[in-house]
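Fold and geometry: a report
Chain by chain, the residues:
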Protein chains: 8
Amino acid sequence: MTQPEAIRLLLQAVAHGEVSPDSALEKLKHFDFEPVEDFARIDHHRTLRTGFPEVIWGPGKTPEQIIEIIKVMRDRNPVVMATRIEPNVYAQLREQIPELHYYALARICALVPARLEPRHSGTIGLLSAGTADLPVAEEAAITAELSGFQVKRFWDVGVAGIHRLLSNRQAIAEADVLIVVAGMEGALPSVVGGLTDCPVIAVPTSIGYGASFNGLAALLTMLNSCAAGIGVVNIDNGFGAAVLAGQILRTAQKLR
Amino acid sequence: MTQPEAIRLLLQAVAHGEVSPDSALEKLKHFDFEPVEDFARIDHHRTLRTGFPEVIWGPGKTPEQIIEIIKVMRDRNPVVMATRIEPNVYAQLREQIPELHYYALARICALVPARLEPRHSGTIGLLSAGTADLPVAEEAAITAELSGFQVKRFWDVGVAGIHRLLSNRQAIAEADVLIVVAGMEGALPSVVGGLTDCPVIAVPTSIGYGASFNGLAALLTMLNSCAAGIGVVNIDNGFGAAVLAGQILRTAQKLR
Amino acid sequence: MTQPEAIRLLLQAVAHGEVSPDSALEKLKHFDFEPVEDFARIDHHRTLRTGFPEVIWGPGKTPEQIIEIIKVMRDRNPVVMATRIEPNVYAQLREQIPELHYYALARICALVPARLEPRHSGTIGLLSAGTADLPVAEEAAITAELSGFQVKRFWDVGVAGIHRLLSNRQAIAEADVLIVVAGMEGALPSVVGGLTDCPVIAVPTSIGYGASFNGLAALLTMLNSCAAGIGVVNIDNGFGAAVLAGQILRTAQKLR
Amino acid sequence: MTQPEAIRLLLQAVAHGEVSPDSALEKLKHFDFEPVEDFARIDHHRTLRTGFPEVIWGPGKTPEQIIEIIKVMRDRNPVVMATRIEPNVYAQLREQIPELHYYALARICALVPARLEPRHSGTIGLLSAGTADLPVAEEAAITAELSGFQVKRFWDVGVAGIHRLLSNRQAIAEADVLIVVAGMEGALPSVVGGLTDCPVIAVPTSIGYGASFNGLAALLTMLNSCAAGIGVVNIDNGFGAAVLAGQILRTAQKLR
Amino acid sequence: MTQPEAIRLLLQAVAHGEVSPDSALEKLKHFDFEPVEDFARIDHHRTLRTGFPEVIWGPGKTPEQIIEIIKVMRDRNPVVMATRIEPNVYAQLREQIPELHYYALARICALVPARLEPRHSGTIGLLSAGTADLPVAEEAAITAELSGFQVKRFWDVGVAGIHRLLSNRQAIAEADVLIVVAGMEGALPSVVGGLTDCPVIAVPTSIGYGASFNGLAALLTMLNSCAAGIGVVNIDNGFGAAVLAGQILRTAQKLR
Amino acid sequence: MTQPEAIRLLLQAVAHGEVSPDSALEKLKHFDFEPVEDFARIDHHRTLRTGFPEVIWGPGKTPEQIIEIIKVMRDRNPVVMATRIEPNVYAQLREQIPELHYYALARICALVPARLEPRHSGTIGLLSAGTADLPVAEEAAITAELSGFQVKRFWDVGVAGIHRLLSNRQAIAEADVLIVVAGMEGALPSVVGGLTDCPVIAVPTSIGYGASFNGLAALLTMLNSCAAGIGVVNIDNGFGAAVLAGQILRTAQKLR
Amino acid sequence: MTQPEAIRLLLQAVAHGEVSPDSALEKLKHFDFEPVEDFARIDHHRTLRTGFPEVIWGPGKTPEQIIEIIKVMRDRNPVVMATRIEPNVYAQLREQIPELHYYALARICALVPARLEPRHSGTIGLLSAGTADLPVAEEAAITAELSGFQVKRFWDVGVAGIHRLLSNRQAIAEADVLIVVAGMEGALPSVVGGLTDCPVIAVPTSIGYGASFNGLAALLTMLNSCAAGIGVVNIDNGFGAAVLAGQILRTAQKLR
Amino acid sequence: MTQPEAIRLLLQAVAHGEVSPDSALEKLKHFDFEPVEDFARIDHHRTLRTGFPEVIWGPGKTPEQIIEIIKVMRDRNPVVMATRIEPNVYAQLREQIPELHYYALARICALVPARLEPRHSGTIGLLSAGTADLPVAEEAAITAELSGFQVKRFWDVGVAGIHRLLSNRQAIAEADVLIVVAGMEGALPSVVGGLTDCPVIAVPTSIGYGASFNGLAALLTMLNSCAAGIGVVNIDNGFGAAVLAGQILRTAQKLR
């Protein structure tokens, strides 16, 4: 039995009252995907399951592959996005999909609906240590906003000028979950973790030189933080931090 | 002006209606601490601020130091706990503080009230890959329970026998936040992250040999997970994972 | 005595019945090679000995050197192949050897006979975790096919969507040896190793970023797999995995 | 429906001719396991699936835990074995299970039937570079023998005295699969891989000092071997090498 | 000409007015040393040259060797000290040299004059992040005090409780040079470096676990500090930090 | 209350004699900063606090961002500088700010007053081991000179020709603080540290190849120096070394 | 007194019989050098002292700097050479110094006398494992030949085809010192070390990919060789190997 | 044909004048070895081939194994030695072989003839940087002396007190080959290499702490030495350095 047949049978069962919609939804979550030109299988139901669209990771894919995947995905997802898209790649994508929007600093391409408003409660506070960390911080910010979350940005609040951070402490304390982005020595999450009582997601960046070893120093700093309650993601992984922050806020909504 | 004076003035202001209790609480969060025999300053108000007690990290402290810190802390905190306490250290502590309870597998000592029941909503699902990972998994479990959270354990569900994990999928899906503990290749969080849509906290353990490099292999696996939405803590840091899970559930409560 | 003389004497001995053909073959396996312009010695009898042609590893060789080596090898080997050939290098090779075929995704150049059909029994199952791992996976696939083995491909079955893998389980189980290619966290071989009872060859790829350290994370994951019975090859070494898979199937044939 | 019920129903279906035995076997392979005192789930059907018994990895388990697991497993498996058992641990195990046999050099404990003869065709050739590598080599040898394979040992044939290796070349060439164990610089598999045309499994050991970094040097050597067709396992993982060798020989039997 | 002769001639020249005392002092700085039982050459004039006594580094020396070196040095130096002396080693030293004083937390043994008072102007501020960092911090403190400098200690002021640090800011600002000792993530020097305008010497400690890699994480953090003007010493090198701090204060005195 | 208002009130208080100038200066040190196009907050009072201008770190910033920051900073600082500026970036900066001076070897851009003379007492001795280390050494030299310190250069005095160093010993001894720049094996600071009694700042460079691992070898050498009293900065961090040297000399001035 | 004056006085003393020529030579060895445009100090007497010319290491120097250094050196040295010179750099050098010879494979530029014949006894045997290792091997060969030594080349004798090496054993055994160049797993020196009784100098190359980590794997292999009597130089350091080989042969000559 | 037969035939051929003694010796070099209790094969002719006895590397061997190997070897070798023998192991060996001599500092056991005098010309100069490096330095010294070479020791001449080294320069220059032993930053070989024109063998030791990473820092320093002509051996490998030095001096003898 092919998968489409299986889905049709399931939906008939729902129609006949033999299976409840809730139960059918649960089944569908782990069910369907279809081949795209044989080089990638897209999981359309992932949106149902995780609340985030299937996102295209740009590196290692040709512009042609990205275009084809976007075209398959756009029919079913309100928001389609691709990360780590360099400007020259975007230029090629735009020729085929003119309505594609480009967030240059975040290096994200997206198809977005006319109105994109926060549709989840809660706020993600986003702190970045230095100007050079902004591309990663914006990758997190745009990802969160495209996923329907409200974001509040605090840029350039690194620990070498601790007063910059402290003067924003009140505003930071109002966020429900914090993403803290820092390169070089990566100490900002430790200080923030000691100031707040909400979950902190730490994002090391590859900014630095010499003994930063492309972000290894910042990564180790964050993993060894003396402030408990910090979850770390991969170096430069602004996208993953936004997904985790979103899942935390969605959990909160479910618990209500 | 000394700190005690400052606090007294603040409380008088509250008494006179000049400062609201909420506002005073906010001020107190970043205020007081006192010296303990000159070797450690305890932050009594941390409980107010983060919802977790100040926890004593055992390694590098003499039994005498641990006893003294417990004695200072017990007057104000309902729950006092110390982590990474080896059996022989516990034996020394118990002589001075007989009511100290020892969770042998978790290597945690604690003073606990007569009745310790979950006082927060939400459930923490705790998965561990192998039998040898249990000490770290139990450190997370006991920490969460001592902090008032409900924990559901799924032991020995590593990826080499994927059916063990899949046969528990329904039960796992009911948790609000997951802590996934794994040593050796550390692949469990990736698989779990693809099955669920709640936040996943990954804890690498130092279990393994040879090219596991004391947990480095598992740590790198978790940081590079192809499943987005995973926050990683330090190797063997079951305690930190529990704190982060607790903060996520508390955030949910605040959002309500 | 020069080598050609030695070989001639050996063959005369065979002609005179003084040496049996089998015995002469055995001697020849460890005997002959000839200088090619003084920069590489080609081992023509390697095909006899291992069943695989001497393969040219492209990096670090000039197009001129590659052309010259191909020309020497083509006189005696039915299949001649060169790996890690970038498109611009191929363009130069083609000018001198127009009949050279290029497998672009696998980055392999080859001289192939008109009909290339599997001439060994058994099937190599080839799994790859993500789209970006395809160049390495195809290097393995093309190498195996050029060596006369039957290959069955399963692309994009990474662990973050475990149902993709499980829905192919029946087909995967029919392979006689598996090559599993994965970058990022490299967890796929561990899961596959738990599902099957045939030999598994794991190939880490350099796909990933940050703490993947150019494939080190995937490599460590595979070496530490909790599923026993997995042999690991170098990062991005699709070629070596195919050779090992081929040797395993040839061993099976010899045992019959 | 509990698992035992499910199995009973399946077997009844077989009895009634509704399900063929082959098909039922296939289903059982991914089916059953049972809790052992809540700390480990044993996969009894693994023997059916992989041809190897579930093996107990000693480190990180108390003697009591090992004894309990052995007792559960012995009812159904003809051979039960535990690896990495130090002599003092064995002494404790023997008190409870006097019939337990100890292979001191291999650090393996096992319950073995009265007659243990090779029950698979094919021979595993086992080479070790130095005297200090013997514990790892013997772990491989005993594992293979307990699993029913024939083993031929070649000890102390390291590359610094290449004539030792070459004088055994004829005998080595008769093996169907080779396991090559080496510490220090780990060069032996490269040389062996060039001499033979059967699959080679390389096992780095932690023998060495200084820049051997506990086996890292030997591991890297083996992964970078210029001889294609070598699969590498973790440092000191003699057990895993034996399992892989066994799976290769079983594949050969199936192909017949 | 032997060295004693050379020195005698030099001093005669001084006596005759042929060489000025200043000039002779300069010459002597690079001149004399004498063998001690053939296993170590002591540089008696080092005190003249650097203002610090020749210090005995304990590890790798037998108690007998340490005793012999102390005995040779004590005749000419007012203060003799040995670092990294474990309590059991001290017990052996004391039997031969009863007047040896032991600073247990700092693991330093020293022969000290009856009155040891600061004889240099300026103050060294010494900050430590956590209780477990105290042995290293005290090694620095005692070394500085034995060398005649005034030390002001600020213990347990780590960044996770930033208010502890800030409440001491005034006092810290009064120091002329700061030594900042921290393990785990090692972020304290970065924050301190942003708050002050005096030289900061950062000392990483090996305190931590897992991904702290015995102090590597803290070391990298300090080297990558975004606050310029921080000099880093080796992991756990409290002694070296004190020497550098002392040289800075001595430079200040010379400039006057 | 906005920050400008706060500053105005403070200055009025000074004008009215309510706050002393010294006290106001102290307050200002930790007070003001203003947003620049929302991507960086500049700390204008940092000059007051540390004696060094806020310096722009070039990498990761666009020429447009650098120009904008320079324009904001130039109104208040006598000297504005940007480091790690490649020639092509400078070409773009110069178009907008023609009076910008470029120190090509040091890769520093600066706005400098007509007369730039040392305004601090004391001399910084700058040693470099090889010709290839000059860019880093000059970064240190120019930074120090732009900050008002006197610099004396000793180029190409590496340890492989020890007589080159020794023949300059007298001149080197006259410096008040030394910066020692070396790549490859990085041994120069150890030798210099043994020859002098002033503070030594060691700067490893990324010059070298193979096992220098981009400066890691030199960095480790300097951290492990057997000569105590050496502070190490990050690889290639000539700027940071100059800042630390300057702070040491300023400390000396304050102590007077 | 300037250095030239010092040398003149020394030579006059020789002329007057006051200083023997031998003694003067000894003095001169540690005496003279002169500034070249202030960026490099050349040690003209190094040739006298070590028998090798001062060699210019190309990387990090501009063509102009290289030209200037060559011009200063050529007046006094019969042979002047520069290493690591890429073809485009050579093109620039040749315009100024047309008689400069370029060894393209070795990437060496040199001024050579009309006749360059071996002027030292003894032979250096040079083995390389693969074609891609030739640039490093040729750097060693040309350096040795330019220094007056006789070289015998054995190319492409890697361990994966051990018969290639063994068939040259007689010829190899006739060399007085061996340089063995190998990338990838770097096993060749171990095998050679076991076959010969002359000194072996091992040169790891950066040839390889993945877990070769740019030559680290080969380097560790060589350092851990089980064949004693092997000296290792830096990755890709063909030049250094040739210098060491030359010093060994010169020592032999002196001993005569 | 067994090996003994082969040898007998060879010797008969010599007796009959069919094979010259020289030629037979050459053949024998690669010929014979015999099993010792099946755990190690000893290469008796190695002495003929390399001039050094087969040496027993202690670690990983039981005292019983060592004793047995010594007993087999003593019948044919005038000198038998075992390295890395801890005092408690020696105590066990002495019970069985009372005439075994123990060099405690070098941790070497040896059977030595009544008179052990240098039987090779040339001198090995042995320098060590610090007292803690002596065990490694003595391992080299004793190995060389037991092999018949003359050794001259220079202890405690590390670079932090450069005058200690320089004052011995004349004596050092008289050695024919130098072994330089250093831990911590390992800079001594670079300085020595610049002072001398004989071959230098560098031995890093594991002495140090923190960022010395058990000798890695010293190893990297030596590999990156800016003084060409230095061969490096493994960390703590005093034995290997002595063998290499001996082979260099033997080469000199052969060249005569």
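Read on for a plain summary of the structure. Keep in mind the model is a prediction, meaning the values are calculated, not measured. For every chain, the first residue of the written sequence is number 1, and numbering continues from 1 along that sequence. Working convention: letters from A go to chains and numbers from 1 go to ligands, in the order in which they are written. Confidence filtering applies because this is a predicted model: local features only for residues at pLDDT of at least 70, side-chain atom pairs given and counted only at 80 or more, and all residues used for totals across whole chains, interfaces and linings. The side-chain values count all of the structure's non-hydrogen atoms but skip hydrogen atoms and water molecules.

**Re the relation of the copies chain H and chain G**
The test is simple: Residues below a pLDDT of 70 in either copy are left out; the C-alpha atoms of the rest, at least 70 in both, set the least-squares superposition of the copies. Whether two residues are in contact is decided by their heavy atoms: any pair within 4.5 Å suffices.
In the superposition of chain H on chain G (RMSD 0.0 Å, axial shift 0.0 Å), the rotation amounts to 180°. Taken together, the turn and the small shift mark the pair as related by a two-fold rotation axis. Closest approach to the rotation axis within chain H is made by the C-alpha atom of A252 of chain H, at a distance of 1.9 Å. A share of 97% of the interface residues of chain H reappears at the interface of chain G, consistent with the copies meeting face to face through the same patch.

**Quick look at unusual backbone geometry**
Under the convention used in this document: Here a strand is any run of E in DSSP of at least two residues, a helix any run of H or I of at least four, and the numbering for each starts at the N terminus.
In this structure, D236 of chain E takes a positive phi of about 70° despite not being glycine. Tracing the chain through its elements places D236 of chain E in the loop between β11 (230–232) and α11 (238–255). A positive phi angle, near 45°, is found at F213 of chain F, a position not held by glycine. Looking at the element boundaries, F213 of chain F is found in the loop between β10 (200–204) and α10 (216–223).

**Side note on the pairing of strand β7 (residues 123–128) of chain E**
Residues and elements named next belong to chain E. The test is simple: In this scheme, a residue with accessible area under 20% of its type's maximum is buried, one over 50% is exposed, and one in between is partly exposed, where area comes from a 1.4 Å probe on protein chains only. Here, any two strands with at least 2 DSSP bridges between them count as paired. Note on handedness: a crossover is taken as right-handed if, strands pointing away from the viewer, the path from the first strand over the helix to the second is clockwise.
Most of β7 is tucked away, with six of its six residues classed as buried. Of the two faces of β7, the one carrying T123, G125 and L127 and the one carrying I124, L126 and S128 are both buried. Note: β7 against strand β8 (residues 150–154), five bridges, orientation parallel. Counted as the bridge partner of L127 is F154 from β8. With helix α6 (residues 134–146) bridging β7 and the parallel β8, this β-α-β connection has right-handed handedness. Here β7 pairs with strand β9 (residues 177–182) via five bridges, running parallel.

**Some thoughts on the interface of chain H and chain G**
Interface size, as often reported, equals the accessible area lost upon joining of the parts. Note the threshold: Salt bridge criterion: a side-chain nitrogen from Lys or Arg within 4 Å of a carboxyl oxygen from Asp or Glu. Throughout this description, a polar contact denotes any pair of N or O atoms lying within 3.5 Å of each other; where both atoms belong to protein, one of them has to be capable of donating a hydrogen while the other can accept it, and for residues adjacent in sequence the pair is counted only when both atoms sit in side chains.
Taken together, the contact between chain H and chain G spans 38 residues of the former and 38 residues of the latter. Along the contact surface separating chain H from chain G lie two salt bridges. With a shortest N-O distance of 3.6 Å, D197 of chain G and R250 of chain H are connected by a salt bridge. At the junction of chain H with chain G, the criterion picks out seven residue pairs in polar contact (both at pLDDT 80 or more).

**Quick look at the side chain of N224 of chain B**
Checked against the element boundaries, N224 of chain B lands in the loop between α10 (216–223) and β11 (230–232). The exposure class of N224 of chain B is buried, given its relative accessible area of 3%. Within the structure, the side chain of N224 of chain B is placed 2.8 Å from the backbone oxygen of L220 of chain B, a separation counted as a polar contact. At 2.9 Å, the side chain of N224 of chain B forms a polar contact with the backbone oxygen of A211 of chain C.

**Points about helix α6 (residues 134–146) of chain G**
Residue and element names in this part refer to chain G. Worth spelling out the cut-off: By this rule the span expected of a helix is its residue count minus one, scaled by 1.5 Å.
Compared with the 18 Å implied by 1.5 Å per residue over 13 residues, the 18 Å span of α6 between its first and last C-alpha is a close match. The buried count for α6 comes to 11 of 13 residues, which makes it a mostly enclosed element. Regarding α6, the residues found buried are L134, V136, A137, E138, E139, A140, A141, I142, T143, A144 and L146. One or two positions beyond α6, positive phi appears at G148, with a value near 95°.

**As for the pattern of salt bridges**
Once their charged atoms are close, side chains differing in charge can pair, the charge on each being opposite to the other. Overall, the coordinates contain 56 salt bridges over all chains when judged by the stated rule. Measuring nitrogen to oxygen at the nearest pair gives 3.1 Å for the salt bridge that ties E139 of chain C to R84 of chain C. Here R84 of chain C lies in the loop between β4 (80–83) and α5 (87–96) and E139 of chain C lies in helix α6 (residues 134–146), a separation of 55 residues in the sequence. Per residue, the accessibility class of E139 of chain C equals that of R84 of chain C, and both read buried. Residue E138 of chain D is joined to R153 of chain D by a salt bridge in which the shortest nitrogen-to-oxygen separation is 2.8 Å. In this pair, E138 of chain D sits in helix α6 (residues 134–146) while R153 of chain D sits in strand β8 (residues 150–154), placing the two residues 15 residues apart along the sequence. We classify R153 of chain D as partly exposed; its relative accessible area is 32%.

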